[in-house]
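# Architecture and fold: a report
Below are the chains, spelled out letter by letter.
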Amino acid sequence: MSQMQEYINEAEAALLHTYNRYQVVFDHGEGVHLYDIEGKSYLDFVSGIGVFALGYGNKEYNDAVKAQVDKILHTSNYYYNVPAIEAAKAVKKISGMDRIFFTNSGAEAIEGAIKAARKYGYLKDGRTDHEIIAMEHSFHGRTMGALSITGKRAYRDPFEPMIGNIRFAEYNDIDSVKALVNDKTCAIIMETVQGEGGIYPAQETFLKEVRAICDEKDILLILDEIQCGMGRTGEYYAWQRFGVKPDILTTAKALGGGVPVGAFLMTEKVAQNSLVAGDHGTTYGGNPLAGAAIVEVMRQFEEKKVLENVRRVGAYLYEKLDEIAASHADVVEHRGVGLMQGLEFEHPVAEIINKALDKGLVLINAGTNIIRFLPPLVITEADVDAMLQILKECL
Ligand SMILES: *Cc1c(COP(=O)(O)O)cnc(C)c1O
């Protein structure tokens, strides 16, 4: 039995089986390539689900994180620390939001956003039966609050009861939103580009109309940019393409460049009318290690002109995947923006993804029939060409 197979067997004997994992044990990475424990190289078009935006083996990032490890890892949120302060200023600057709360994951950012929205509603009218409108086919995470607003019944049903008073509208269908709005509605939450649900970008008109409803009725718009944020679409946050600013923003995945971090941000108006001391907390969130990682990620985004790269290479990938869609009858649709794209097929894509892995290309699905392209944000046109060559062999 190969060493790799032995590890896989050990994993399957010890880990809770909550993932059907691909049959590979990765060991290290360099640039946009991963290497398994046998030294085989793989071109990476997943970036650990949008986390490793700056690529692997990034010396300056590693050095920044190591330097912070040697200095101090954790102090507690009862005290101030400089990396978190610097990180807060940096994320405020790129997002245009006013205040930030750091978490350790995306789901925790969603939990905080839900609490802030409910508190805002509570302070406004004293009701304790507020409703939140979420979207069908959305994905917001696996904790109970995040699961409750996730628009996929199969994920929710075994874990009922969910948190109460969640209503689901159809994404990109303004009438279905209007039908649910009432005087109990405190927030509308959606991904600006739906990720796990199948790579569906919000239409500009839809976002603008939802924003208008929220303004008119003093309802909070929460945009979940945990996957589509941090440069993925060619702007720091996808809503910046349309100028539709949320009241609360959630961000994570690429934010820490590999160190587990997340955050929810809000406007000053929400901050002044929602969570106060004693309402919310976290032991680890915003610790010096997370802060140092975020600061270095931000620095490299500027230095490497990552947004420009995403726009240019994203447009190139779009053109090339369009060609594939046109020349393969089993492709139903090509969607996406920047370096967040999807090819929907008439049939499940697991076989294509397994074949690609075998040939040294890492891809992932979004739903059974959609191949999702979520490469590191530093890929080049040559990497896209290399990916396409393997993909074509697999189709
Ligand atoms: C990944 C994801 C989450 C959950 O983040 P975790 O860090 O896995 O908890 C929430 N929302 C969106 C849009 C995501 O893609």
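Note that the structure is predicted; figures quoted are calculated from it, not measured.

### A word on the site of the ligand
- The full set of residues close to the ligand is Ser-105, Gly-106, Ala-107, Phe-139, His-140, Gly-141, Glu-191, Asp-224, Ile-226, Gln-227 and Lys-253.
- Taking Gln-227, its side chain carries an N or O atom lying 2.8 Å from an oxygen atom of the ligand.
- At 2.7 Å from an oxygen atom of the ligand is found a side-chain nitrogen or oxygen belonging to Lys-253.
- Contact with the protein chains covers 80% of the free accessible surface of the ligand, which is 380 Å².
- Looking at the shell around the ligand residue by residue, the classes come out as three nonpolar, five polar and three charged.

### As for the sheet that holds strand β14 (residues 340-345)
- The sheet built from four strands is open, its strands ordered β13-β14-β17-β16 with antiparallel pairing. Two strands bound the open sheet, and with one partner strand each, they are β13 (331-337) and β16 (364-365).
- Here β16 pairs with strand β17 (residues 370-373) via two bridges, running antiparallel. By the bridge assignment, Asn-365 is partnered in β17 with Ile-371.
- Relative to the sheet, helix α12 (residues 306-327) contacts β13, β14 and β17, its axis offset from that of β13 by approximately 175 degrees.

### Side note on helix α13 (residues 350-358)
- All buried positions along α13 are accounted for by Ile-352, Ile-353, Ala-356 and Leu-357. Seen end-on, α13 carries its buried residues on one side only, within an arc spanning 135 degrees. Seen from the buried face of α13, the exposed residues on the opposite side, beyond 90 degrees, are Glu-351 and Asp-358.
- For α13, the elements touching its buried residues are β3 (41-44), β14, β15 (361-362), β16, β17 and α14 (381-394).
- Looking one or two residues past α13, Gly-360 carries a phi angle of roughly 90 degrees, positive in sign.

### A few points about unusual backbone geometry
- The step from Glu-160 to Pro-161 runs through a cis peptide bond, and the omega angle for that step is 0 degrees.
- Tracing the sequence through the fold places Pro-161 in the loop between α7 (153-156) and β6 (166-169).
- Backbone geometry places His-137, a non-glycine residue, at a positive phi of 65 degrees.
- For His-137, a relative accessible area of 45% corresponds to the partly exposed category.
- Unusually for a residue other than glycine, Asp-218 sits at a positive phi of about 55 degrees.
- Tracing the sequence through the fold places Asp-218 in the loop between α9 (204-217) and β10 (220-224).
- Residue classification places Asp-218 among the partly exposed residues on the basis of a relative accessible area of 25%.

### So, the pattern of salt bridges
- Evaluation of the coordinates by the stated rule reveals 25 salt bridges.
- Across the salt bridge formed by Glu-268 and Arg-99, the nearest N and O atoms sit 3.0 Å from each other. Here the residue Glu-268 occupies a position in helix α10 (residues 268-272), and Arg-99 occupies one in strand β4 (residues 99-103), the gap between them amounting to 169 residues.
- For Arg-99, a relative accessible area of 44% translates into the label partly exposed.
- For the salt bridge of Arg-311 with Glu-235, the shortest nitrogen-to-oxygen distance reads 3.9 Å. Placement of Arg-311 in helix α12 and of Glu-235 in the loop between β10 and β11 (248-251) is noted, with a sequence separation of 76 residues between them.
- Linked through salt bridges whose partners overlap, the residues forming this network are Glu-60, Glu-296, Arg-299 and Glu-303.

### Concerning the packing of aromatic side chains
- For the structure shown, the criterion picks out six aromatic pairs.
- Here the guanidinium or amino end of Arg-142 rests over the ring plane of Tyr-155, the centre of that ring lying 4.3 Å away.
- In this arrangement the basic side chain of Arg-335 is found over the ring face of Tyr-200, its NZ or CZ atom lying 3.9 Å from the centre.

### Comments concerning the sheet that holds β3
- Reading across the sheet, the four strands line up as β1-β2-β3-β15 and stay open at both edges, with mixed pairing between neighbours. In the strand order of this sheet, the two ends are held by β1 (26-30) and β15, each with one partner.
- Examined bridge by bridge, strand β2 (residues 33-36) and β3 share three bridges and lie antiparallel to one another. Opposite Tyr-35, over in β3, you have Ser-41 as the bridge partner.

### Let's talk about the side chain of Glu-344
- Looking at where Glu-344 falls in the secondary structure, it is placed in strand β14.
- Filtering out sequence-adjacent residues up to four positions away, Glu-344 remains in contact with Tyr-200, Asp-330, Val-331, Val-332, Glu-333, Arg-335, Asn-369 and Ile-370.

### Structural notes on the domain arrangement of the protein chain
- Each domain of the protein chain was delimited in the assignment, giving domain 1 (3-54 + 305-394) and domain 2 (61-303).
- The distance between the C-alpha centroids of domain 1 and domain 2 comes to 26 Å.
- Contact residues are listed per partner, giving 28 residues for domain 1 and 27 residues for domain 2.
- Both faces considered, domain 1 and domain 2 share a buried interface measuring about 2,300 Å² in area, 64% of it formed by carbon and sulfur atoms.
- Here domain 1 is connected to domain 2 by two salt bridges.
- Between Glu-196 and Arg-372 there is a salt bridge, with the nearest N and O atoms lying 2.9 Å from each other.

The rules we used
- Residues numbered from 1 in each chain as written.
- Predicted model: local features only at pLDDT ≥ 70, side-chain atom pairs only at ≥ 80, totals over all residues.
- Heavy atoms only, no water.
- Near = heavy atom within 4 Å.
- Polar contact = N/O pair within 3.5 Å; in protein donor to acceptor, adjacent residues only side chain to side chain.
- Areas by Shrake-Rupley, 256 points an atom, 1.4 Å probe, with all protein chains shown as cover.
- Nonpolar A, V, L, I, M, F, W, Y, C, P; charged D, E, K, R; others polar.
- Pairing = 2+ DSSP bridges.
- Helix = DSSP H or I, 4+ residues; strand = E, 2+ residues; numbered from the N terminus.
- Contact = heavy atoms within 4.5 Å.
- Axes fitted to C-alpha atoms, helices over the stretch in contact; angles between N-to-C directions.
- Buried < 20%, exposed > 50% of the residue type's maximum accessible area, 1.4 Å probe, protein only.
- Arc of directions from axis to C-beta.
- Salt bridge = Lys/Arg side-chain N within 4 Å of Asp/Glu carboxyl O.
- Phe/Tyr/Trp six-rings, centres within 6.5 Å; stacked < 30°, edge-to-face > 60°.
- Lys NZ or Arg CZ within 6 Å of the ring centre and 35° of its normal.
- Domains from an automatic or database assignment.
- Buried area = accessible area lost by both parts, 1.4 Å probe.

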